[in-house]
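Structural characterization, general
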2 protein chains.
Amino acid sequence: MSTIKAYGAKSSDADLKEMTIERRDVTDRDVKIEISYCGVCHSDIHTVRNDWGGSKYPVVPGHEIIGRVIEVGSDVSNFKKGELVGVGCMVDSCRECSACKDDLEQFCEEGMVGTYNGKDKHLGGHTFGGYSETIVVDKYYVLKVPENLDEKAVAPLLCAGITTYSPLKHWNVKKGDKVGVIGLGGLGHMGIKIAAAMGAEVVMITTSPSKADDAKRLGASSVLISKNEDDMKKHKGSFDFLLNTVPVKHDINPYIQLLKRDSTMCMVGAIEPLEPMHGGGLIMGRKRVAGSLIGGIKETQEMLDFCGEHNIVSDVEMIDMDTINTAYERVTNSDVKYRFVIDMQSLKN
Amino acid sequence: MSTIKAYGAKSSDADLKEMTIERRDVTDRDVKIEISYCGVCHSDIHTVRNDWGGSKYPVVPGHEIIGRVIEVGSDVSNFKKGELVGVGCMVDSCRECSACKDDLEQFCEEGMVGTYNGKDKHLGGHTFGGYSETIVVDKYYVLKVPENLDEKAVAPLLCAGITTYSPLKHWNVKKGDKVGVIGLGGLGHMGIKIAAAMGAEVVMITTSPSKADDAKRLGASSVLISKNEDDMKKHKGSFDFLLNTVPVKHDINPYIQLLKRDSTMCMVGAIEPLEPMHGGGLIMGRKRVAGSLIGGIKETQEMLDFCGEHNIVSDVEMIDMDTINTAYERVTNSDVKYRFVIDMQSLKN
């Protein structure tokens, strides 16, 4: 074991502060990573604040991790010291259930092990995330990061990137499809970039006219203001797929009306009860509302390779570790374009 | 034109009474049918009472029509006088839009023409349904009824049958699948019979333990009482498909929990806002909630042929035309097993 510096919260109402945590020694299957950058995901904040219940303290958040390999176990042949790698939302799963065998470890029937606040099989207790100097991860859950990408801006791909890539891929978005991305935040801005790179005609759907210019810069071909009923009518029944990234309770009925017959709106943001859905909206046109959760390890690697090929990274605002509490306030107020990334060098100094 | 006897309502608060209506003369493409039986669908009652708005009076309901051909137009070669036929929920559509070309006339982009309360292209005004002596229908919307089936009990297949067959087929229910049918009424009892005939292991899901014996008689292999939380937990994540026939506002979240990863619950009953759905329930396991509306003409014929092959009809209670108002009260109180069918001979006498 080694003792390292990290940043975490000791209770749901405490600020994040510097602390020390233990990391296991590298086992045969492990890769040890010196963390260079870590993205700030809204889930980090929900966990710190125990919004979903069940948080274990201290919480050391961070599951958008980028770094370089500094040590590998004797049974690790696919990673080498100095290689640029990433770690996303999970660091373990059973690898034997039907979900794991289908490369959907995020739905592991034993429960995936979250990168933080998961059950630590090695040291007992719970796992600590990427707001820390180093991390030791089973080789199966380590991703290769294309060297051509801007390293610090890759971090959010590990969560926001795969969360949007996976449903776009699963529902077979392809060249020429009309795809709506609902909500322009950390997830939405990745959804636009990735759907556009897949060749779709991307329409940004938002309540805020002020977001129009930015949406177009990110790759949207047009913007639909959902409060404008006339414009919503014009687009009725015209979308091949909708990616709904809105992270709070909202009314999905107007969006269902936008779908073509037999098409799907996939929810990736709102992990809470929605406004009442009208059964008739689904019945007329055989429409579907679905959900999707991050993506499996194989697909996350595929997403990183896709982003490497299309030169896609997140739009990020860099922060130092000791400004994290201010950053949390700003994320809560949707005041970030579009993802904070912590320069982990600032923890070491 | 010919003047015939029918039964209808002159306003939303009036009882149904005998009246006369006009039927067009047979055109080249038409089939004239002497109606022998007509099922009583809950939609009939909603339309009579203007529950969904937009009802046009007088309403002559009835879209589960069985009868014999008495006349055909010069351009009709596939139907012959004396043949047993049926007419379901629609009597026309544009036959040119993408939905019609995909054999999904129920989603016709011009709007399908309902068997009653639809826009009558021939006589102007609105269409009149099957609570009448005869009906004249374009050959495209007339179905062939297998002669081996009990004629009077076939009537409800034209709506309740196709409404349940179509989603079971569309979501590829097959031998060995575990299928839940939620709600045991007119739709639910057909769902059980058809899913069982497709080879599925059918679980009847209901709030009422009193329905268990009947569900098994209809073909369910077991019954799950949705109010029993322990039993609901035992079945968590185990269903390949759920057919939700509940016709009123309800909480769908406990049913979503029953679905396997990547599986679908299809709504066919509730044309109204549901209780708030939890986004997380869809996201965990990439689950889907969909809707389905009756079925196209080609698929309705396929359903009738399937029912002929498997000897499936509805469980019906026969009534005379002049007891229809009492029957409506009983349907409203869920007091029918499982479908009223009017012996249209009673209108003629």
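Residues numbered from 1 in each chain as written. Chains lettered and ligands numbered in written order. Predicted model: local features only at pLDDT ≥ 70, side-chain atom pairs only at ≥ 80, totals over all residues. Heavy atoms only, no water.

Below, the discussion takes up the interface of chain A and chain B. Facing the 36 residues of chain A at the interface are 36 residues of chain B. Between chain A and chain B lies a buried interface of about 3100 Å² when both sides are counted; carbon and sulfur atoms form 64% of it. Of all residues in chain A, the largest losses of buried area upon contact with chain B belong to Arg261(A), Ile283(A) and Arg286(A), amounting jointly to 24% of the total for that side. At the junction of chain A and chain B, the tally comes to 2 salt bridges. We note a salt bridge from Arg261(B) to Asp102(A), for which the minimum N-O separation is 3.0 Å. Between the two partners, chain A and chain B, sit 14 residue pairs in polar contact (both at pLDDT 80 or more). Elements with a minimum of two residues in the side of chain A that touches chain B: helix 2 (98-101), helix 4 (160-170), strand 14 (259-267), helix 9 (279-283) and strand 15 (288-291) of chain A. Taken together, the residues of the side of chain A that touches chain B break down into 19 nonpolar, 10 polar and 7 charged. (Contact = heavy atoms within 4.5 Å. Buried area = accessible area lost by both parts, 1.4 Å probe. Salt bridge = Lys/Arg side-chain N within 4 Å of Asp/Glu carboxyl O. Polar contact = N/O pair within 3.5 Å; in protein donor to acceptor, adjacent residues only side chain to side chain. Helix = DSSP H or I, 4+ residues; strand = E, 2+ residues; numbered from the N terminus. Nonpolar A, V, L, I, M, F, W, Y, C, P; charged D, E, K, R; others polar.)

It is worth spelling out the domain arrangement of chain A at this point. Residues and elements named next belong to chain A. When its domains are assigned, chain A resolves into domain 1 (2-159 + 295-348) and domain 2 (161-291). Inter-centroid distance (C-alpha atoms) of domain 1 to domain 2 is 28 Å. Contacts between domain 1 and domain 2 engage 19 residues on the former and 19 residues on the latter. In total, domain 1 and domain 2 occlude about 1700 Å² of area from one another, counting both sides; carbon and sulfur atoms represent 58% of this. In this structure, Asp-315 and Arg-217 form a salt bridge, with 2.9 Å as the shortest nitrogen-oxygen distance. Taken together, the connections running from domain 1 to domain 2 amount to 14 residue pairs in polar contact (both at pLDDT 80 or more). Counting residues per element, the side of domain 1 that touches domain 2 draws most heavily on helix 10 (residues 297-310), which supplies 6 residues. In the side of domain 1 that touches domain 2, the residues fall into 10 nonpolar, 4 polar and 5 charged. (Domains from an automatic or database assignment.)

Attention shifts here to the pairing of strand 1 (residues 2-8) of chain B. All names here are of chain B. Most of strand 1 sits inside the fold, with 5 of its 7 residues counted as buried. As paired strands, strand 1 and strand 2 (residues 17-23) are joined by 7 bridges and run antiparallel to one another. Paired with Thr-3 across the bridge in strand 2 is Glu-22. (Buried < 20%, exposed > 50% of the residue type's maximum accessible area, 1.4 Å probe, protein only. Pairing = 2+ DSSP bridges.)

Bringing the environment of Lys216(B) into the picture now. All names here are of chain B. Position of Lys-216 relative to the elements: it lies in helix 6 (residues 212-218). Given a relative accessible area of 47%, Lys-216 falls into the partly exposed group. Separated by 141 residues in the primary sequence, Lys-216 and Asp-75 have C-alpha atoms spaced 47 Å apart. Setting aside its immediate chain neighbours within four residues, Lys-216 contacts Ser-221, Ser-222 and Val-223.

Between chain A and chain B, which share one sequence, the superposing operator has a rotation angle of 180° and an axial displacement of 0.0 Å; the RMSD is 0.0 Å. The superposition of one copy onto the other is thereby described by a two-fold rotation axis. Closest to the rotation axis within chain A is the C-alpha of Pro276(A), separated from it by 2.2 Å. Looking at chain A, 100% of its interface residues are interface residues in chain B too, so the copies touch through the same face. (Least-squares fit on C-alpha atoms with pLDDT ≥ 70 in both.)

Mapped onto this numbering, the UniProt entry gives "domain: Enoyl reductase (ER)" (unreviewed entry) at residues 11-290 of chain A. Measuring from the first to the last C-alpha atom of residues 11-290 of chain A gives 34 Å, for a span that is 21% helix and 26% strand. (UniProt positions renumbered as here; feature names shortened; annotations may be inferred.)

Taken together, the 12 strands give an open sheet; going across it, the order is 12(A)-11(A)-10(A)-13(A)-14(A)-15(A)-15(B)-14(B)-13(B)-10(B)-11(B)-12(B), and neighbouring strands pair in mixed fashion. Bordering the open sheet on either side are strand 12 (222-225) of chain A together with strand 12 (222-225) of chain B, each of which pairs with just one other strand. Direction aside, neighbouring strands of the sheet carry axes that sit 20° apart on average. Summarising the sheet, strand 13 (residues 239-244) of chain A and strand 14 of chain A pair through 5 bridges and their orientation is parallel. By the bridge assignment for strand 14 of chain A, Leu242(A) is matched with Met265(A). (Axes fitted to C-alpha atoms, helices over the stretch in contact; angles between N-to-C directions.)

A separate point is the pattern of salt bridges. Residue and element names in this part refer to chain A. According to the stated counting rule, one finds 54 salt bridges over all chains in the structure shown. Between Lys-174 and Asp-177 there is a salt bridge, with its nearest N and O atoms 3.3 Å apart. One network of salt bridges, in which partners are shared, links Arg-29, Asp-92, Arg-95, Lys-121 and Asp-138.

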